[in-house]
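Structural description and commentary
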Amino acid sequence: MNKPAITIRPYRPQDAGVLSAVFYASVRHIARRDYTEAQVRAWAPDRIWGDDWDKRRAATSTWVAECGREIAGFSDLGSDGHIDMLYVRPDFQRQGIARALLLYIESVAKERGLSRLYTEASITARPVFEALGFHIVAEQTVTRDGVPMLNYRMVKSVPADSLDHHPSSAKEST
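All of these numbers come straight from a predicted model, not from anything done at the bench.

As a rule of thumb, soluble globular proteins bury nonpolar side chains together. Of all hydrophobic cores here, the largest spans 31 residues; its most connected members are Ile 8, Trp 63, Leu 77, Ile 83, Ile 97, Leu 117 and Phe 129. Secondary structure elements with two or more residues in this core: strand E1 (6-10), strand E2 (61-67), strand E3 (70-77), strand E5 (86-88), helix H4 (97-111), strand E6 (116-122) and strand E8 (147-157). A per-element tally of this core places H4 first, with 10 residues. Contact partners of Phe 129, with chain neighbours within four places excluded, come to Ile 83, Leu 86, Leu 102, Thr 119, Ala 121, Phe 134 and Met 154.

Right under this line is the structure:
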């Protein structure tokens, strides 16, 4: 049985509810292996930002990964090269979704003339960022709702010859 192709498309306001559910499930189920119960609850509280979710996604360039007709994950890119969010549904883990999103974001960054990408990666996300050439600048402890948790400031240079996947191409395959 063949895996459906991964399609990357821009965020739409009607995605807000699904993306907040992807975020919640990813943190509560996947990050749990690297963080305590208190940490995942502080990171993904029971009530997730309500109406602000759409505003947060619309305020930055956000892309949605679909596998078949299902939303499998999402990521974003700030105008300065910052990747704030990269989340994949638990049932789509290890299927190349995060990789496809990051490759797409790198191609967008190149098109925009950005020379670097950076993020604050969780313990859980660190391996996917490292596999795509990000390196750790600093290990840091951040606090959410009074709960400290470890993450990594990571950076990647975007060389001029790194364009493997062009943003105008709607399909990404892994």
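Having put the structure on the table, let's press on.
Relative to the helices and strands, Ile 105 is located in helix H4. The spatial distance from the C-alpha of Ile 105 to the C-alpha of Trp 63 is 8.5 Å, given a sequence separation of 42 residues. The residues touching Ile 105, leaving out its near neighbours within four places in the chain, are Trp 63, Ser 75, Asp 76, Leu 77, Ile 83 and Leu 117.

Taken together, four strands build an open sheet; the order of strands is E4-E6-E8-E7 and the sheet is mixed. At either end of the open sheet lies a strand with only one pairing partner, and these are strand E4 (82-83) and strand E7 (135-144). Pairing analysis gives nine bridges linking E7 to E8, with the strands arranged antiparallel. From the neighbouring strand, Thr 143 faces E8, where its bridge partner is Pro 148.

The next subject is the confidence of the model for the protein. On average, residues of the protein score 88 in pLDDT, and 88% of them reach the 70 mark or higher. For residues 162-174, every residue scores under 50 in pLDDT, and the model assigns this stretch 30 contacts once sequence neighbours within four places are set aside.

This part is about H4. Since there are 3.6 residues in each turn of an α-helix, residues three or four apart along the chain are aligned in direction. Over its 15 residues, H4 runs 21 Å from end to end, which matches the ideal 21 Å to within 8%, given 1.5 Å per residue. Among all positions in H4, only Ile 97, Ala 98, Ala 100, Leu 101, Leu 102, Leu 103, Tyr 104, Ile 105, Glu 106, Ser 107, Val 108 and Ala 109 are buried. A positive backbone phi angle near 80° is found at Gly 113, which sits one or two residues after H4.

Turning to the packing of aromatic side chains, a few remarks are in order. One pass over the full model with this rule turns up five aromatic pairs. Seen in terms of ring centroids, Trp 63 and Tyr 104 are 5.7 Å apart; in terms of plane orientation they differ by 65°. Their pairing is edge-to-face. In this pair, Trp 63 is assigned in strand E2 and Tyr 104 in helix H4, connecting sequence segments 41 residues apart. Residues Trp 63 and Tyr 104 agree in their burial class; the two are buried. Considering the side-chain rings of Phe 129 and Phe 134, the 4.9 Å spacing of their centres and the 85° angle between planes classify their relative orientation as edge-to-face. What makes Phe 129 buried here is its relative accessible area of 2%. Of the residues examined, Phe 134 reaches a relative accessible area of 5% and is grouped as buried. One aromatic cluster is present, formed by Phe 23, Phe 74 and Tyr 87 through successive ring pairs. Against the face of Tyr 152 rests Arg 126, its NZ or CZ located 4.7 Å from the ring centre.

Reading guide: rules and limits
Residues numbered from 1 in each chain as written. Predicted model: local features only at pLDDT ≥ 70, side-chain atom pairs only at ≥ 80, totals over all residues. Heavy atoms only, no water. Core = buried A, V, L, I, M, F, W, Y, C linked by side-chain atoms within 4.5 Å. Buried < 20%, exposed > 50% of the residue type's maximum accessible area, 1.4 Å probe, protein only. Helix = DSSP H or I, 4+ residues; strand = E, 2+ residues; numbered from the N terminus. Contact = heavy atoms within 4.5 Å. Pairing = 2+ DSSP bridges. pLDDT = per-residue confidence, 0-100. Expected span 1.5 Å × (residues − 1). Phe/Tyr/Trp six-rings, centres within 6.5 Å; stacked < 30°, edge-to-face > 60°. Lys NZ or Arg CZ within 6 Å of the ring centre and 35° of its normal.

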